[in-house]
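Take a look at the letters that make up each chain.
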Amino acid sequence: MKILLGTTLLLASLSAFAHGPVYNQEAIKVLQEHALSNVPGKKTTMLTVDYAPGQATVPHSHTGTAVAYVLEGEITSRVNDEPAITYKAGQSFYEPTGSRHFESSNASQTQPARLLVVMVMDDKADVLTPLPAQN
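Predicted, not measured: the structure shown is a model, and the values here were computed from it. (Residues numbered from 1 in each chain as written. Predicted model: local features only at pLDDT ≥ 70, side-chain atom pairs only at ≥ 80, totals over all residues. Heavy atoms only, no water.)

Q: Hey, could you go over the pairing of strand 9 (residues 100-106) for me, with residue numbers and the actual values?
A: The buried count for strand 9 comes to five of seven residues, which makes it a mostly enclosed element. Pairing of strand 3 (residues 56-57) with strand 9, which is carried by two bridges, proceeds in the antiparallel orientation. For T57, the partnering residue across the bridge sits in strand 9 and is S104. Direction of pairing for strand 4 (residues 60-61) relative to strand 9: antiparallel, over a ladder of two bridges. Residue H60 lies in a different strand from strand 9, and its bridge partner there is H101. In the sheet, strand 6 (residues 74-79) pairs with strand 9 via five bridges, with the strands oriented antiparallel. Each bridged residue has a counterpart across the sheet, and for R78 the counterpart in strand 9 is E103. (Buried < 20%, exposed > 50% of the residue type's maximum accessible area, 1.4 Å probe, protein only. Helix = DSSP H or I, 4+ residues; strand = E, 2+ residues; numbered from the N terminus. Pairing = 2+ DSSP bridges.)

What follows is the structure in structure tokens.
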């Protein structure tokens, strides 16, 4: 019975992993948002993104510039035509305006991960815009 249960759990885990990242809603918390008085029509936003183990953000773009700093865990990021890079706690990355962010995911299937993100964008813009599904 123990072997059967262990095998069942292992197969279920592998099956979930084989289907790729989990795109349920990551926890985004806006910490600050300010209009930029010296750049009319623009704002700066500071936020955190918390990922559960194996969780990912849907492929998306930003209308503004983003700088991300990994606070906890490891984040795998793939922007535009660049290869995917995994960043560890204490490392940061930059996304230019209009970038296509094809992957932003927790690199771990067992540990949470957390990002601090600072963005400069249009004052009416959303934090991200999902990319159309690719065939």
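Q: Quick one: what's the story with the packing of aromatic side chains, residue by residue and with numbers?
A: The final tally for this structure, using the stated rule, is one aromatic pair. Considering the side-chain rings of Y87 and F93, the 4.7 Å spacing of their centres and the 25 degrees angle between planes classify their relative orientation as stacked. Accessibility expressed as a relative area gives 7% for F93, which makes it buried. (Phe/Tyr/Trp six-rings, centres within 6.5 Å; stacked < 30°, edge-to-face > 60°.)

Q: Any chance you could break down the sheet that holds strand 5 (residues 65-72) for me, citing the residues and the numbers?
A: With respect to topology, five strands assemble into an open sheet ordered 1-2-10-5-8, the strand pairing being antiparallel. Where the open sheet ends on each side, the last strands, each with one partner, are strand 1 (27-35) and strand 8 (92-95). Taking the axes of each pair of neighbouring strands and ignoring which way they run, one obtains an average angle of 15 degrees across the sheet. By the bridge criterion, eight bridges tie strand 1 to strand 2 (residues 42-51) in an arrangement that is antiparallel. When the sheet's bridge partners are listed, A27 is paired in strand 2 with D50. (Axes fitted to C-alpha atoms, helices over the stretch in contact; angles between N-to-C directions.)

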